[in-house]
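Remarks on the overall topology
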Amino acid sequence: MKPLLYAPCLLAILIGGTSFRSPRNLNTEHATKNTYYILVVKTKYEMKVYDSTGECLAVYPVVFGNKDMGDKMMQGDRRTPEGTFKISFKRKHEKWSRFLLIDYPNAESVAKFNQRKAAGLIPANAQIGGSIGIHGTWPNEDYAVDGLQNWTEGCISTKNRYVEEIFDVLPVGTRITIRK
């Protein structure tokens with residue numbers, strides 16, 4: 001690992017900056033699904049946006065559903081799934097400003113779910129769930145992110161101004177890795 005590669009992320013954390021900015025001009029007109037990728041680290045309550053060279057462009061504070069930072073087991077557990085996903089759809093949202101749907105459940109998620117069900121870790125009649133994404137907060141409730149208040153049904157939530165920034169830059173197909 002090269003320490004200088006992570007300097008922009010460290011600097012953003014130290015000064016409290018969480019804006020999607022880079023020394024280079026971001027060209028959203030020509031961004032493809034491979035231009036950026038997202039890393040969400042649940043135990044750190046952060047979402048990092050990287051460019052295709054591995055340069056960290058931004059660090060955003062995020063919250064989840066359940067304080068239990070475990071992997072999503074089944075519908076209704078309010079846990080955020082772990083694994084590698086893609087943004088599958090984007091839309092403006094009447095409650096949470098913007099919504100970037102991820103492709104949960106994908107093949108990896110279905111395989112883990114079926115293994116857990118076969119091992120008796122979840123009820124035989126459990127469902128896998130879906131409609132997981134990245135979104136903002138209720139109007140005027142960005143304080144939930146500041147206070148690390150997990151409130152979603154398993155989604156990743158950040159402040160409205162931050163979700164608006166990433167919504168405008170990240171195209172459908174962008175890879176997102178979520179880990180504990």
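Described in the following lines is the structure provided in the data block. Just so it is clear, the model here is predicted, and its values are computed rather than measured.

Quick look at the pattern of salt bridges
- For the coordinates displayed, the defined rule picks out 8 salt bridges.
- Between aspartate 71 and lysine 112 there is a salt bridge, and its shortest N-O distance comes to 2.8 Å. Of the two residues, aspartate 71 sits in the loop between β3 (56–61) and β4 (83–93) while lysine 112 sits in helix α2 (residues 107–118), which places them 41 residues apart along the sequence.
- Note that aspartate 71 is salt-bridged to arginine 116, the shortest N-O span being 3.0 Å. Here arginine 116 lies in helix α2 and aspartate 71 lies in the loop between β3 and β4, a separation of 45 residues in the sequence.
- Taking the relative accessible area as the measure of exposure, aspartate 71 reaches 10% and is therefore buried.

Description of the nonpolar core
- Of all hydrophobic cores here, the largest spans 36 residues; its most connected members are Ile134, Ile166 and Ile176.
- Among the elements of the structure, β1 (36–41), β2 (46–51), β3, β4, β5 (97–102), α4 (160–169) and β8 (175–179) are those that each provide at least two residues to this core.
- When residues of this core are assigned to their parent elements, the largest contribution, 5 residues, is made by α4.
- Setting aside anything within four residues of it in sequence, one finds isoleucine 134 in contact with Ile38, Met47, Arg98, Phe99, Leu100, Ile156, Val163, Ile166 and Ile176.
- Counting residues in each nonpolar core, the second largest holds 5 residues, with Val41, Tyr50, Cys56 and Val59 among its members.

Side note on the pairing of β5
- Of all 6 residues making up β5, 5 are buried, and the element is well covered by its neighbours.
- Pairing between β4 and β5: 6 bridges, direction antiparallel. Bridging from a neighbouring strand, isoleucine 87 pairs with isoleucine 102 of β5.
- The antiparallel hairpin formed by β4 and β5 contains 3 residues in its connecting segment.
- Summarising the sheet, β5 and strand β6 (residues 133–135) pair through 3 bridges and their orientation is antiparallel. Each residue of the ladder has a partner; that of leucine 100, found in β6, is isoleucine 134.

What counts and how
Residues numbered from 1 in each chain as written. Predicted model: local features only at pLDDT ≥ 70, side-chain atom pairs only at ≥ 80, totals over all residues. Heavy atoms only, no water. Salt bridge = Lys/Arg side-chain N within 4 Å of Asp/Glu carboxyl O. Helix = DSSP H or I, 4+ residues; strand = E, 2+ residues; numbered from the N terminus. Buried < 20%, exposed > 50% of the residue type's maximum accessible area, 1.4 Å probe, protein only. Core = buried A, V, L, I, M, F, W, Y, C linked by side-chain atoms within 4.5 Å. Contact = heavy atoms within 4.5 Å. Pairing = 2+ DSSP bridges.

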